[in-house]
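# Structure at a glance
Residues per chain are reported as follows:
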Protein chains: 2
Amino acid sequence: MRIAVLASGSGTNLQAILDRLHGRGKVEVVGVGSDRPDARALARAAGAGVPTAVFPVSEFAGRDERDAAIGDWLESIACELVVLAGYMQLLSDAFVRRFAGRIINVHPALLPSFPGLDAIGQAFAHGVRVTGVTVHFVDEGVDTGPILLQRPIELTYTRPVHEVTEEIHAVEHEILPRAIELIADGSVRIDPDNPRLVRIEER
Amino acid sequence: MRIAVLASGSGTNLQAILDRLHGRGKVEVVGVGSDRPDARALARAAGAGVPTAVFPVSEFAGRDERDAAIGDWLESIACELVVLAGYMQLLSDAFVRRFAGRIINVHPALLPSFPGLDAIGQAFAHGVRVTGVTVHFVDEGVDTGPILLQRPIELTYTRPVHEVTEEIHAVEHEILPRAIELIADGSVRIDPDNPRLVRIEER
């Protein structure tokens, strides 16, 4: 399966995908795109010999135009799955429809709790004892799409936020590649009776 | 610690409290109240020699009057903690203020996800891969109070709802008595810097 990764930041999730999946037979990272020319994700991609593309906010009239360009690039590289890995721009509805069912995102909370920005901070402020990580398909809403995988993490409030953040990132690096692998294996389908329910049948 | 339990239904959480805590030195169940004269919880209480009281909806002008009567009864038995265990009536704001910080509830989801009725059904409909159980202090909102304990449960959608429901109830029977025990031990306090955060320091 040919996948592309969109990232805005340090690209540790991209690195996990490169390390665990890329070039091992099932999954090929065929492009890494970013809104930021200085994203470390781009350097990681280059280091792995993966083509990159940059779509700076300032170079487009608006989100629709930018996302149309990203979409054209993704189609030009025959991308079959778009993976959002710390991509900090909202996607236009037209983009989401263009790649319907072929975009996944990783979110540092157990959705539907704490969607949107600073999910870890939201969890701490709310005082939950369990948070976690979600990998979900992307729909037109903010972190509202059908859920593929989740893994819980205990919060005891005896550890500093940065330690919990590291643990959450480590779980992201496990379950995002795992979700991609399940899709590549053909083990994932939407339940015909409930479009919110992702059925996983490992082969 | 003298506790009272309010229940509307079969009373399995009450039974767990009676079996695990009652009369073992730390915790005494001094009363069981219900809105339903036919609640099995009342028979369980009677079987354990615990006084009962019934406050049927039909016998009071409204919720305020009923909750005032429940409050007077709780004070008459010198109740220190009110435990909601399947109590299906909403409590009046006046009742919540009267027993502020001294009411806890058990809810079959990982709050803030899926508050309100049929939390297990909500979780299935949403397609989450992780749900669970929450014990929380009761405030004026619906399932919005500070969280004491949570425990996650994996949903695979390969088991029928009734099996998952049984697992969730079994977790309730673990963590509700555990929460009561922690309060009785004096191990629980609200964080002075964040009124939503429950600090647990086991002694």
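The structure we're discussing is the one just above.
Report follows, based on the coordinates. Predicted model, so just to flag it, every value in this text is computed and none were measured.

## Some thoughts on the relation of the copies chain A and chain B
Mapping chain A onto chain B leaves a residual RMSD of 0.0 Å; the transformation is a rotation of 180° accompanied by 0.0 Å of translation along its axis. A rotation of that kind, with that shift, is consistent with a two-fold axis. Scanning chain A for the C-alpha nearest the rotation axis identifies S113 of chain A, at a separation of 2.7 Å. Of all interface residues in chain A, 100% are interface residues in chain B too; the two copies therefore contact each other through one and the same surface.

## Some remarks on the packing of aromatic side chains
Counted according to the given criterion, the structure contains eight aromatic pairs over all chains. For the ring pair F55 of chain A and W73 of chain A, a centre distance of 5.6 Å and an interplane angle of 55° mean the geometry is tilted. Residue F55 of chain A is located in the loop between β3 (52-54) and α3 (63-76), and its partner W73 of chain A is located in helix α3; the two are separated by 18 residues in the primary sequence. On the basis of relative accessibility, which here comes to 14%, the residue W73 of chain A falls in the buried class. Between F55 of chain B and F60 of chain B the ring centres are 6.4 Å apart and the planes differ by 35°, which places this aromatic pair in the tilted class. Given the relative accessible area of 9%, F55 of chain B is considered buried. Classification of F60 of chain B as partly exposed rests on a relative accessible area of 24%. Put simply, the rings of F55, F60 and W73 of chain A pair up and form one aromatic cluster.

## Some thoughts on the interface of chain A and chain B
The partner chain B presents 25 residues to the 25 residues of chain A that form the contact. Taken together, the two surfaces of chain A and chain B that pack against each other cover about 2000 Å², and 54% of this comes from carbon and sulfur. Considering only the surface of chain A that becomes buried against chain B, P112, H126 and R129 of chain A emerge as the three largest contributors, covering 28% of it. Counting across the interface, chain A meets chain B through zero salt bridges. At the boundary of chain A and chain B, one finds 15 residue pairs in polar contact (both at pLDDT 80 or more). Listed by contribution, the elements that provide at least two residues to the side of chain A that touches chain B are α5 (119-126), β7 (147-154) and β9 (194-200) of chain A.

## Looking at the pattern of salt bridges
Inspection of every chain in the model, using the stated rule, returns 24 salt bridges over all chains. With its nearest N and O atoms 2.6 Å apart, the salt bridge here joins R98 of chain B to D72 of chain B. Taken together, the residues span a long stretch of sequence, with R98 of chain B in helix α4 (residues 93-98) and D72 of chain B in helix α3 (residues 63-76) at a distance of 26 residues. In this structure, the salt-bridge partner of R189 of chain B is E201 of chain B, at a minimum N-O distance of 3.2 Å. Taken together, the positions of R189 of chain B in strand β8 (residues 188-191) and E201 of chain B in the segment after β9 (194-200) put the pair 12 residues apart, joining distant regions of the chain. A relative accessible area of 40% means that R189 of chain B is categorised as partly exposed. In this structure E201 of chain B comes out as partly exposed when scored by relative accessible area, which is 45%. Residues joined in a network through salt bridges with shared partners are K26, R178, E181, D185 and E202 of chain A.

## Some points on the packing of helix α1 (residues 12-20) of chain A against helix α2 (residues 40-47) of chain A
Residue and element names in this part refer to chain A. Where α1 meets α2, the closest approach of the two axes is 9 Å, and the angle between their N-to-C directions is 15°. Between α1 and α2, the angle falls in the class roughly parallel. Considering how the two elements wind past one another, α1 and α2 form a crossing that is right-handed. When α1 is examined against α2, the residues T12, L14, Q15 and L18 are found in contact with a partner set consisting of A41, R44 and A45. Residue composition of the contact of α1 with α2, grouped by class: four nonpolar, two polar and one charged.

## Looking at the side chain of H107 of chain B
Relative to the assigned elements, H107 of chain B resides in strand β5 (residues 103-107). Setting aside residues up to four positions removed in sequence, H107 of chain B forms contacts with F114, P115, G116, A119, G132, V133, T134, H136 and D143 of chain B.

## Describing α3 of chain B
Helical periodicity: at 3.6 residues per turn, an α-helix aligns residues three or four positions apart in one direction. All names here are of chain B. For α3, with 14 residues, the first-to-last C-alpha span of 20 Å sits near the 20 Å given by 1.5 Å per residue. Looking at α3, one finds that the buried residues are R66, D67, I70, G71, W73 and L74. With its buried residues spanning 160° around the axis, α3 presents them on a single face. For α3, exposure combined with an orientation more than 90 degrees from the buried face picks out D64 and S76.

Here is what the cut-offs are and how they apply
- Counting of residues starts from 1 at the beginning of each chain's written sequence and follows it residue by residue.
- Here the convention is simple: chains get letters from A, ligands get numbers from 1, in the order in which they are written.
- Only residues with pLDDT of at least 70 are given local features in this predicted model, and only at 80 or more are side-chain atom pairs given and counted; all residues enter the totals for whole chains, interfaces and linings.
- The side-chain values count all of the structure's non-hydrogen atoms but skip hydrogen atoms and water molecules.
- Our superposition of the copies is a least-squares fit, built on the C-alpha atoms of residues whose pLDDT is at least 70 in both.
- When checking whether two residues touch, look at their non-hydrogen atoms; a contact exists if any pair is within 4.5 Å.
- Working definition: a ring pair exists when centres of Phe, Tyr or Trp rings (six-membered ring for Trp) sit within 6.5 Å. Plane angles under 30 degrees give stacked, over 60 give edge-to-face, the rest tilted.
- Secondary structure elements are defined from DSSP: runs of H or I of at least 4 residues count as helices, runs of E of at least 2 residues count as strands, and each element is numbered from the N terminus.
- Three labels apply to residues, based on accessible area from a 1.4 Å probe with only protein chains included: buried if under 20% of the type maximum, exposed if over 50%, partly exposed otherwise in between.
- Joining two parts hides part of their accessible area as seen by a 1.4 Å probe, and the buried area is that hidden amount summed over both.
- Here, a salt bridge means any side-chain nitrogen of Lys or Arg that lies within 4 Å of a carboxyl oxygen of Asp or Glu.
- The definition of a polar contact used here is a pair of N or O atoms within 3.5 Å, where within protein one atom must be able to donate a hydrogen and the other to accept one, and adjacent residues in sequence count solely through side-chain atom pairs.
- Throughout, an axis means a line fitted to C-alpha atoms (over the contacting stretch in the case of helices), and angles, computed between N-to-C directions, take values from 0 to 180 degrees.
- Here the word oblique covers every angle except those under 35 degrees (roughly parallel), over 145 (roughly antiparallel) and from 65 to 115 (roughly perpendicular).
- Crossings are classed by handedness, with left-handed meaning an anticlockwise turn of the near helix from the far one by less than a right angle and right-handed meaning a clockwise turn.
- Any residue outside Ala, Val, Leu, Ile, Met, Phe, Trp, Tyr, Cys, Pro, Asp, Glu, Lys and Arg is labelled polar, Gly included; the first ten of those are nonpolar and the last four are charged.
- In this analysis, the expected span of each helix is defined as 1.5 Å times one less than the number of residues it contains.
- Note that the arc is computed from the directions linking the helix axis to the C-beta atoms.

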